[in-house]
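The chain contents come next:
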Amino acid sequence: MRLRGRKGIRESLEEQQGFVVLDPRSYKGKWSSLFGNDRPIYVEFGMGKGQFISQMSYRNPDINFIGIDMYDELIRRASEKAKLAWAEREVEYPPNLRLALANVEYAEEVFAPGELERIFLNFSDPWPKARHARRRLTHPRFLDKYCGLLNDNGEIHLKTDSQTLFEFSLNSFADYGLQMTNISLNLHREGPNEEHVMTEYETKFVGQGINIHRCEVIVGKEALSRYQKQRLDKYGLRPDKPGQPEEASSERA
Ligand SMILES: C[S@@+](CC[C@H](N)C(=O)[O-])C[C@H]1O[C@@H](n2cnc3c(N)ncnc32)[C@H](O)[C@@H]1O
């Protein structure tokens, strides 16, 4: 097999423009128009080689999916996987799927408030050392971003093999006042389930007999207003501008 250099990968991605999005910031607030409909948008942050998002898009034609990763080689591999998953339907590319090159750190520059309905975090890097906790994709600083981007039906679905990341995430969601549901410490206890779409990492870990942890988080309107009130009470933060302190009392008079 001939390995492609960086330039070759870029060229192959540029050839797939429309399906592959290399300038995701220019679609902020406009993703629905890229799909050509108003269906809900589900995003996987850190999709890797794209098995999950490809199969989810194939099985759920009434939902729009976006797979995000920060490495162009992974976007290229995911695009191949997606075309394979959709091969039977003989489409040029999956109509309800886009693959975007982006870093979750800058998610607010890529999506407008309320533009997303669901965020999947599948086997996100666990960053097991406590001093790296801020890099975990369920750190409160990321939840701040997600909560701003999700709509009134918003949910976050998390799967991981890492006990450290799972415990940290549950605490992080709870501190945020978010409701958790369908929590499992061993998702595949009952054996293979055709309904359940697996990721590459999941397939590998399940094959090694490692338990998969999963939970769903409800980020509806109520949860958000509860959270904002909590922050207001705790830190004197303004509910309309999370992260910004209230103006000095003398200026408010
Ligand atoms: C451990 S892999 C999991 C891949 C896939 N979700 C799976 O379950 O097979 C984590 C992925 O997240 C991506 N990733 C990590 N941090 C990211 C970030 N800040 N922004 C975008 N992608 C990120 C990595 O490039 C990698 O592909």
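Residues numbered from 1 in each chain as written. Predicted model: local features only at pLDDT ≥ 70, side-chain atom pairs only at ≥ 80, totals over all residues. Heavy atoms only, no water.

Looking at an unreviewed UniProt entry, one finds the protein named tRNA (guanine-N(7)-)-methyltransferase, with Paenibacillus favisporus as its source organism. A UniProt comment under Pathway (unreviewed entry) is attached to the protein, and it reads "tRNA modification; N(7)-methylguanine-tRNA biosynthesis." (UniProt positions renumbered as here; feature names shortened; annotations may be inferred.)

Caption draft 1: Highlighting the nonpolar core. One finds W31, F45, I66, F111, L116, Y146 and I156 to be the most contacted residues of the largest nonpolar core, which totals 34 residues. I9, I63, A82 and L101 belong to the second-largest nonpolar core, a separate cluster that totals 19 residues. (Core = buried A, V, L, I, M, F, W, Y, C linked by side-chain atoms within 4.5 Å. Buried < 20%, exposed > 50% of the residue type's maximum accessible area, 1.4 Å probe, protein only.)

Caption draft 2: Focus on the pattern of salt bridges. As enumerated under the stated definition, the model contains ten salt bridges in all. With its nearest N and O atoms 2.9 Å apart, the salt bridge here joins E80 to R76. One end of the pair, E80, and the other, R76, are both in helix 4 (residues 72-85), four residues apart, so they sit about a helical turn from each other. In this structure E80 comes out as partly exposed when scored by relative accessible area, which is 46%. With a closest N to O distance of 2.8 Å, R141 and E105 form a salt bridge. With a gap of 36 residues between them, R141 in helix 6 (residues 140-149) and E105 in the loop between strand 4 (97-101) and helix 5 (107-110) connect regions that are remote in the sequence. Residue classification places R141 among the partly exposed residues on the basis of a relative accessible area of 23%. Given a relative accessible area of 27%, E105 falls into the partly exposed group. A cluster of three or more residues bridged by salt bridges with shared partners is formed by E73, R76 and E80. (Salt bridge = Lys/Arg side-chain N within 4 Å of Asp/Glu carboxyl O. Helix = DSSP H or I, 4+ residues; strand = E, 2+ residues; numbered from the N terminus.)

Caption draft 3: Summary view of the packing of aromatic side chains. In total, this model carries twelve aromatic pairs according to the counting rule given. Summarising the aromatic geometry, the rings of Y42 and F120 are spaced 6.0 Å apart at their centres and angled 65 degrees between planes, so their arrangement reads as edge-to-face. With a gap of 78 residues between them, Y42 in strand 2 (residues 41-45) and F120 in strand 5 (residues 116-122) connect regions that are remote in the sequence. There is no split in this pair, since Y42 and F120 are both buried. One aromatic cluster is present, built from ring pairs that chain together Y27, W31, F45, F111, F142 and Y146. The side chain of R89 reaches across the aromatic face of W86, ending 5.1 Å from its centre. The side chain of R136 reaches across the aromatic face of F168, ending 4.6 Å from its centre. (Phe/Tyr/Trp six-rings, centres within 6.5 Å; stacked < 30°, edge-to-face > 60°. Lys NZ or Arg CZ within 6 Å of the ring centre and 35° of its normal.)

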